[in-house]
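# Chains, contacts and geometry: an overview
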Amino acid sequence: MQSAKHYSTIEAACYAIKWAHSLAGFEDPCASDIVKCIVEASKRKLNRPIQKKEPMNANIMLSLFKKFGGTNSSLKNLRLLAMCLWIAKLDQAHCPVKILSDYLDKAKIDRSSDDFVFRALSYCKSTNNCKLRKKNIQLSYTRTREIVKGALSEIGLNARIFGTHSFRAGGCSAASNSGVSDRLLKIHGRWKSDIAKDSYISDNLKKNAY
């Protein structure tokens, strides 16, 4: 408890000890009251409040496009924008549907293919460009988060207060502040309760909503 950073470490140790003794046919030492008290104490001492990430807004999305978009966007930049932008067809240069389409074309992804859309890239020294790796392995969540945070840093934002869920929160907040009904929000967001839905909505985005 003195060295752990989160109570889940204590819980994992407790379950491991319990499992090992069970396999060996020994009595579970973790069933004792003193061990149970230590586990409960670790929850109170090491529990950290959830730090919700800031939601994205329209201005940030436009800044990302200005930095990484344009007619000559590289495959790397198109992949970033396609991952970030909300899917809605617009009659503008930063239309998410157009950017996704451009990305698929530049990545040479067949629209009827079942391959993962977002995959790792390889840098080609001879052409000074990136190309999509042939191996059909999806981009990991960790790598996706690194890419997004790196892009946000490049446009001058504090990447520490944002995450991949910021886009979900930003889209939900913009829709809510534009008058979309709670019922539709819950359907499209796949939320079963108002509490889950409301945790993603930031009312202060109203001034930045589309």
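Owing to the predicted nature of the structure, the values given are computational and were not obtained by experimental measurement.

Cut-offs used in this document
- Residues numbered from 1 in each chain as written.
- Predicted model: local features only at pLDDT ≥ 70, side-chain atom pairs only at ≥ 80, totals over all residues.
- Heavy atoms only, no water.
- Helix = DSSP H or I, 4+ residues; strand = E, 2+ residues; numbered from the N terminus.
- Rg over C-alpha atoms; globule rule 2.2 N^0.38 Å.
- Buried < 20%, exposed > 50% of the residue type's maximum accessible area, 1.4 Å probe, protein only.
- Areas by Shrake-Rupley, 256 points an atom, 1.4 Å probe, with all protein chains shown as cover.
- Lys, Arg positive; Asp, Glu negative; His and termini not counted.
- Charge placed at Lys NZ, Arg CZ, Asp CG, Glu CD.
- Salt bridge = Lys/Arg side-chain N within 4 Å of Asp/Glu carboxyl O.
- pLDDT = per-residue confidence, 0-100.
- Contact = heavy atoms within 4.5 Å.
- Pairing = 2+ DSSP bridges.
- Core = buried A, V, L, I, M, F, W, Y, C linked by side-chain atoms within 4.5 Å.
- Polar contact = N/O pair within 3.5 Å; in protein donor to acceptor, adjacent residues only side chain to side chain.
- Phe/Tyr/Trp six-rings, centres within 6.5 Å; stacked < 30°, edge-to-face > 60°.
- Lys NZ or Arg CZ within 6 Å of the ring centre and 35° of its normal.
- Expected span 1.5 Å × (residues − 1).
- Arc of directions from axis to C-beta.

Once that is clear, we can look at the overall build of the protein. Broken down by element type, the protein carries 9 helices and 2 strands. A compact globule built from 210 residues should have a C-alpha radius of gyration of about 17 Å, whereas the protein, at 23 Å, is more than 25% larger. C-alpha atoms of the protein, sized along the principal axes, occupy 65 × 50 × 35 Å. Taken over 210 residues, the protein has a buried fraction of 32%. Just so you have it, the protein exposes about 14,300 Å², and 53% of that area is on carbon and sulfur atoms. Across the protein, the 36 positively charged side chains and the 18 negatively charged ones have centroids separated by 7 Å.

Within the structure shown, the criterion is met by 8 salt bridges. A salt bridge links Lys-43 to Glu-11, with the nearest nitrogen and oxygen atoms 3.4 Å apart. With Lys-43 in helix 2 (residues 33–46) and Glu-11 in helix 1 (residues 7–24), the pair connects residues that are 32 residues apart, well separated along the chain. For the salt bridge of Asp-198 with Lys-197, the shortest nitrogen-to-oxygen distance reads 2.5 Å. One continuous salt-bridge network, built from bridges that share partners, spans Glu-11, Glu-40 and Lys-43.

Turning next to the confidence of the model for the protein. Should the pLDDT be low somewhere, the predicted coordinates at that spot are not to be read in detail. A residue-level look at the protein finds 95% of positions with pLDDT of 70 or above and a mean pLDDT of 86. Contacts from residues 205–210, a stretch scored under 50 in pLDDT, to residues over four places away or in other chains number 17 contacts.

In the sheet, strand 1 (residues 121–124) pairs with strand 2 (residues 129–132) via 4 bridges, with the strands oriented antiparallel. In the strand pairing of strand 2, Cys-124 is matched with Asn-129. Counted along the chain from strand 1 to the antiparallel partner strand 2, the turn is 4 residues long, and its residue Asn-128 has a positive phi close to 60 degrees.

On to the nonpolar core. Residues Met-56, Leu-64, Leu-81, Ile-99, Tyr-103, Leu-152 and Phe-167 are the most contacted members of the largest nonpolar core, which totals 30 residues. Of all the secondary-structure elements, those providing two or more residues to this core are helix 3 (58–68), helix 4 (75–84), helix 5 (96–107), helix 6 (141–154) and helix 7 (165–177). The element best represented in this core is helix 4, accounting for 7 residues.

Once that is clear, we can look at the environment of Arg-119. The topology assignment puts Arg-119 in the loop between helix 5 and strand 1. For the pair formed by Arg-119 and Glu-154, sequence separation is 35 residues and the distance between their alpha carbons is 22 Å. If near-sequence neighbours (up to four positions away) are discounted, Arg-119 is found in contact with Arg-79, Tyr-103, Leu-132, Arg-133, Lys-134, Lys-135, Asn-136, Ile-137 and Leu-139. Here the side chain of Arg-119 touches Arg-133 through a polar contact of 3.2 Å, landing on its backbone oxygen.

Attention now goes to the packing of aromatic side chains. Two aromatic rings, taken as a pair, are described by how far apart their centres are and by the angle between their planes. The full count for this structure, using the stated rule, is 2 aromatic pairs. Between Trp-191 and Tyr-200, the aromatic rings sit 5.1 Å apart at their centres with planes inclined by 35 degrees, giving tilted as the arrangement. It is Arg-168 that lies over the ring of Tyr-200; its NZ or CZ is 5.1 Å from the centre.

Taking 1.5 Å per residue as the helical rise, helix 2 with its 14 residues ought to reach 20 Å, and the 20 Å between its terminal C-alpha atoms agrees with that figure. Looking only at helix 2, the buried set comprises Val-39, Ser-42 and Leu-46. Seen end-on, helix 2 carries its buried residues on one side only, within an arc spanning 60 degrees. Every exposed residue of helix 2 that faces more than 90 degrees away from the buried side is listed here: Asp-33, Ile-34, Cys-37, Arg-44 and Lys-45. Residues of helix 2 that are buried sit in contact with helix 1.

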